[in-house]
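Working through the structure, step by step
Okay, here's what each chain looks like letter by letter:
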Amino acid sequence: MTRTVGEWRARLRAVLGDRIALALGGLLGVAYLVVYLWVIGDLALHGRGGWMLRTVADPWGTLWSVRGPFYFEAIMVAEIGPATWLVSPLNLALGAFLAGLVALNIAAGTTLARSPKACGFTRGAGALASLPALLAGSACCAPAVALLLGIQMSVALLSLFQWLIPLAVALMVGTLIWTLYQLPGVPQRPMRITPFAASRAPRQPRPGRSSGRSG
Amino acid sequence: MSRTRFKPVNRCPLRSLTSSGALLALMVIAIPDHAGADSNADPIGGTDVRAEWKEAAVSGGPPPDGIPAIDEPQFESASEAADWLEDEDVVFGVIVNGEVRAYPQRILVWHEIVNDTVGGKNLAVTYCPLTGTAIGFERGDTTFGVSGQLVNSNLIMFDRETESWWPQVAGTGIRGDREGERLAEIPVVWTTFDEWVDVHPEETEVLSLETGHARDYRRDPYGDYNPPSGYYVSDNLMFSVLHEDDRRDRKEVVIGARHQGHAVAFSKDALREHGSLETVVEGTRFLALYDPALDTGYVFRALSAADELRFDDLTDGRYGPEPPAGRDWERINAFDAMWFAWAAFHPETEWVGAG
């Protein structure tokens, strides 16, 4: 068990030590965070130029106020050049957590893609798993998303939106584990012996014995 | 048989005078200030209908107060508001006892309710973006919040004293201790910033951006009114309604009024074109007059065999224009609404579209 844990750590270190994978994952993770904040309405591109900060009257009390599923009140309006940012520390923390998972998935997928044992499916799995995370950003604003898509909200659909973030987290954690599992050096399960496998698998010599009969 | 003519003898003139004066005083006190504040206390919808609305209520996403009402509104002058409001931006105008206020749609789209005191009256100025309705209510000593629930796509308010539910268009309690009670309405004018300020240049106070909340008030999550776009002009509904009426386009704007169970919807386009529209519903005569300065309409009902009433005849009353004293007309509250929402709450409504 200790060795298994050590193997997992080694795979993770391999990913974190892969500078190319890390850079790509980090870049896309930051991009995801920006898109997430835009989707939930905390970030917009219509500032008046210059800069301005305006805080609410009770920042600490407002901080914990809930506006919707996994969606919290902002405590400050920041206008920075062309951008307007409604600063919600909890929205930012949640977005950063999701972005971190996206970054790790991208990085692990990149490391795996550069590995000779990777197959097409596993290369893309990490990136694909981050897609629900984008929809997860709309969990707070389901009606607005429905408006964008031109669909009518129903109780069932609204309930589904509330589960998007937990679903996205579960998918991304699952895909990360699967991608790490595919990296070279992770212990493989014993192969099932079937007549076809037996005829195809090369026989490994036992220590101290020759591979075939003599004479 | 001859009829005896009875002639009363006044044995105590002073007592009579005092009694008459007291009676007259009582009559004056008892007369409701109806010319604007709708004193029609009949609830909208019967018991069964209100139960249907309660059952049909769905969550719009946010929890109670997830869309925070403005409880401590701050105001600024029209010239200060002009720094961030454009001329064609929609505002909701209120006049009470000479005090004049404008509530920008750009702020109310994020808060939906402002608990205010205007002209000495405690009001809730409410706006539902999905049904295009801006309605004022007398709130008494309580304040109202946004429940997060919707019926017929319409905002359901709750009062913080009893936590009863009130669909905004109905203004009638559908759940809680105040079920079946109807809120008194205050006229709210749907107009534009420049039109309102042109009519009330000196005295207008405008709700300021200092709402106590962090919002991007330049952004409307549903579309825009300046110019019209998004949800406000599309044919799509975000939530289903209990009753659909295909007599008109869903988002066509009507000016709706009701009185003692009768509901009337005047086409705003037709009213704009003809200047006045009139109809009779089960013996009750309704008249809508167009105000070109504010691009709005006022609705009146005839008290008896009333003669013609024109817009130029109106005088300034407690809540805005009203018929002059002595005319057999009573102003009743009316408000802009998207046709689909008005018809959903009033399936039997009369629609008036031609002069």
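**Considerations on the overall build of chain A**
Along the backbone of chain A there are ten helices and six strands. Taking contacts inside chain A between residues at least 6 apart in sequence as the whole, the part at least 24 apart equals 68%. For chain A, the computed accessible surface area is about 12900 Å², with 68% contributed by carbon and sulfur atoms.

**Regarding the nonpolar core**
Residue and element names in this part refer to chain B. In this structure, Phe92, Tyr103, Tyr127 and Tyr231 are the most contacted members of the largest nonpolar core, which totals 91 residues. Broken down by element, the residue count for this core peaks at seven residues, all from helix H7 (residues 339–345). The residues contacting Tyr127, other than those within four sequence positions of it, are Phe92, Gln105, Leu108, Val109, Glu112, Thr133, Ala134, Leu155, Gln168, Trp190, Tyr225 and Tyr232.

**A few points about the pairing of strand S7 (residues 133–138) of chain B**
The side chains of a regular strand alternate, first on one face of the sheet and then on the other. All names here are of chain B. Within S7, five of the six residues are buried, which leaves the element mostly enclosed by the surrounding structure. Between strand S6 (residues 121–128) and S7, which pair antiparallel and follow one another directly, the connecting turn spans four residues, one of which, Gly132, has a positive phi of 60°. When S7 meets strand S11 (residues 185–186), the two strands line up antiparallel, connected through two bridges. For Phe137, the partnering residue across the bridge sits in S11 and is Glu185.

**Some points on the side chain of B:Arg301**
Residues and elements named next belong to chain B. As for its placement among the helices and strands, Arg301 is situated in strand S20 (residues 296–302). Of note is the side chain of Arg301, whose polar atom sits 3.1 Å from the side chain of His259. One polar contact links Arg301 to Glu330, side chain to side chain, over a distance of 2.7 Å. Discounting residues that sit within four places of it in the chain, Arg301 has contacts with His259, Thr284, Arg285, Phe286, Asp328, Trp329, Glu330 and Ile332.

**Here we look at a nonpolar patch on the surface**
Where nonpolar side chains cluster on the molecular surface, the patch consists of A:Leu12, A:Leu16 and A:Leu22 and spans about 230 Å² of accessible area. For A:Leu22, the position within the fold is in helix H2 (residues 19–39).

**A few points about the interface of chain B and chain A**
Listed by partner, the interface residues are 27 residues for chain B and 29 residues for chain A. Of the roughly 2200 Å² buried at the junction of chain B and chain A (both faces included), carbon and sulfur atoms supply 55%. Together, B:Ala214, B:Arg218 and B:Met238 form the three largest contributors to the area buried by chain B at its contact with chain A, with a combined 29%. Note that B:Arg218 is salt-bridged to A:Glu79, the shortest N-O span being 3.3 Å. Here chain B and chain A share three residue pairs in polar contact (both at pLDDT 80 or more) between them. Split by residue class, the side of chain B that touches chain A holds 14 nonpolar, eight polar and five charged.

**A look at the sheet that holds strand S3 (residues 90–96) of chain B**
All names here are of chain B. Read across the open sheet, the five strands follow the order S2-S13-S4-S3-S12; overall the sheet is mixed. Two strands bound the open sheet, and with one partner strand each, they are strand S2 (75–77) and strand S12 (189–192). On average, each strand axis in the sheet is tilted by 35° relative to the strand beside it, whichever way the strands run. Strand direction decides the pairing type here: S2 and strand S13 (residues 204–207), joined by three bridges, are antiparallel. Within the sheet, the bridge partner assigned to Ser77 lies in S13 and is Glu205.

What counts and how
Residues numbered from 1 in each chain as written. Chains lettered and ligands numbered in written order. Predicted model: local features only at pLDDT ≥ 70, side-chain atom pairs only at ≥ 80, totals over all residues. Heavy atoms only, no water. Helix = DSSP H or I, 4+ residues; strand = E, 2+ residues; numbered from the N terminus. Contact = heavy atoms within 4.5 Å. Areas by Shrake-Rupley, 256 points an atom, 1.4 Å probe, with all protein chains shown as cover. Core = buried A, V, L, I, M, F, W, Y, C linked by side-chain atoms within 4.5 Å. Buried < 20%, exposed > 50% of the residue type's maximum accessible area, 1.4 Å probe, protein only. Pairing = 2+ DSSP bridges. Polar contact = N/O pair within 3.5 Å; in protein donor to acceptor, adjacent residues only side chain to side chain. Patch = residues over 30% accessible without salt bridge, like charges linked within 9 Å, V, L, I, M, F, W, Y side chains within 5 Å. Salt bridge = Lys/Arg side-chain N within 4 Å of Asp/Glu carboxyl O. Buried area = accessible area lost by both parts, 1.4 Å probe. Nonpolar A, V, L, I, M, F, W, Y, C, P; charged D, E, K, R; others polar. Axes fitted to C-alpha atoms, helices over the stretch in contact; angles between N-to-C directions.

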